[in-house]
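A structural walkthrough
Below, each chain spelled out in residue letters.
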Amino acid sequence: MGISRVDTWEALDAALADAVKHDPKVLIEAAIIGREIETAVLGARDGVRTSPPGEIVAVGDQAFYDFESKYFDPDAVRLDCPAQIPAADASRIRDLASRAFAAVSAEGIARVDVFYGEDGTVTVNEINTMPGFTPTSMYPRMWASAGLTYSDLVDELLQAALHRPLGLR
């Protein structure tokens, strides 16, 4: 909501007007050319694990993965998991996701999104420490593609929480 992709200077004013409808603080980011690849990270009792990287691919006329396509038009995008990238790059992305998880002292779950350039450059876009967790959300779907069912994922999270020390860390 309030997020726009702006490809021309002429479109900036309309994007800003839409953004301030949702929040008076507006963030403008420079575009990074590349594919958006995401990795599910799980802090379980046996350590931190990462899913195979996935990619949300816009289908048809969809310019990018926005609020409408995420929640109201399931046919606008598809999830490719594993993402169609070289194995060495997938390994680098998984390592980077694990390091991002550790860098923010995350626990339990997170989804790390990166931009993957045509030349193999990887740029961290965001770490989402509370990703969607419905059965149709990308986080559990990436784990399902790795063979971890939704119920097993919930069980792992509960077991990790039960064994996590209490208090500030």
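In what follows, the accompanying structure is described. (Residues numbered from 1 in each chain as written. Predicted model: local features only at pLDDT ≥ 70, side-chain atom pairs only at ≥ 80, totals over all residues. Heavy atoms only, no water.)

Description of unusual backbone geometry
Trans peptide bonds make up most of the peptide bonds, and negative phi angles are found at most residues other than glycine. A cis amide bond links Cys 81 to the next residue, Pro 82, at an omega of 10 degrees. Turning to its location among the elements, Pro 82 is positioned in the loop between β4 (77-80) and α3 (87-103). Even without being glycine, Ser 105 reaches a positive phi, approximately 55 degrees. Mapping Ser 105 onto the fold places it in the loop between α3 and β5 (109-116). (Helix = DSSP H or I, 4+ residues; strand = E, 2+ residues; numbered from the N terminus.)

Observations concerning the environment of Thr 129
With respect to the element layout, Thr 129 can be found in the loop between β6 (122-128) and α4 (138-145). For the pair formed by Thr 129 and Tyr 71, sequence separation is 58 residues and the distance between their alpha carbons is 20 Å. In this structure Thr 129 touches Ile 109 and Ala 110, once residues within four positions along its chain are discounted. (Contact = heavy atoms within 4.5 Å.)

What about the nonpolar core?
Counting residues in each nonpolar core, the largest one holds 16 residues, and the members touching the most others are Leu 42, Leu 79, Tyr 139, Trp 143 and Leu 153. Elements with a minimum of two residues in this core: β1 (35-44), β4, α4 and α5 (150-163). Ranked by the residues each element gives to this core, the list is headed by α4, at four residues. Ignoring any residue separated from it by four or fewer positions in sequence, one finds Trp 143 in contact with Ala 40, Val 41, Leu 42, Arg 49, Thr 50, Ser 51, Leu 148 and Leu 153. One finds Ile 37, Leu 96, Ala 97 and Ala 100 within the second-largest nonpolar core, a separate group that totals 15 residues. (Core = buried A, V, L, I, M, F, W, Y, C linked by side-chain atoms within 4.5 Å. Buried < 20%, exposed > 50% of the residue type's maximum accessible area, 1.4 Å probe, protein only.)

Re α5
For α5, spanning 14 residues, the distance from its first C-alpha to its last is 20 Å, which sits close to the expected 20 Å at 1.5 Å a residue. Within the sequence span of α5, burial applies to Leu 153, Leu 157 and Ala 160. Looking straight down α5, one finds its buried side chains confined to an arc of 65 degrees; they lie on one side. Exposed positions of α5 whose direction lies more than 90 degrees from the buried face are Ser 151, Leu 158 and Leu 162. Close packing links the buried residues of α5 with β1, β5 and α4. (Expected span 1.5 Å × (residues − 1). Arc of directions from axis to C-beta.)

Quick look at the pattern of salt bridges
Enumeration over the complete set of coordinates arrives at eleven salt bridges. As a salt-bridge pair, Glu 38 and Arg 111 come within 3.7 Å of each other at their nearest N and O atoms. Remark: Arg 111 occurs in strand β5 and Glu 38 occurs in strand β1; sequence separation between them is 73 residues. The pair formed by Glu 38 and Arg 111 is uniform in burial state, with each residue classed as buried. (Salt bridge = Lys/Arg side-chain N within 4 Å of Asp/Glu carboxyl O.)

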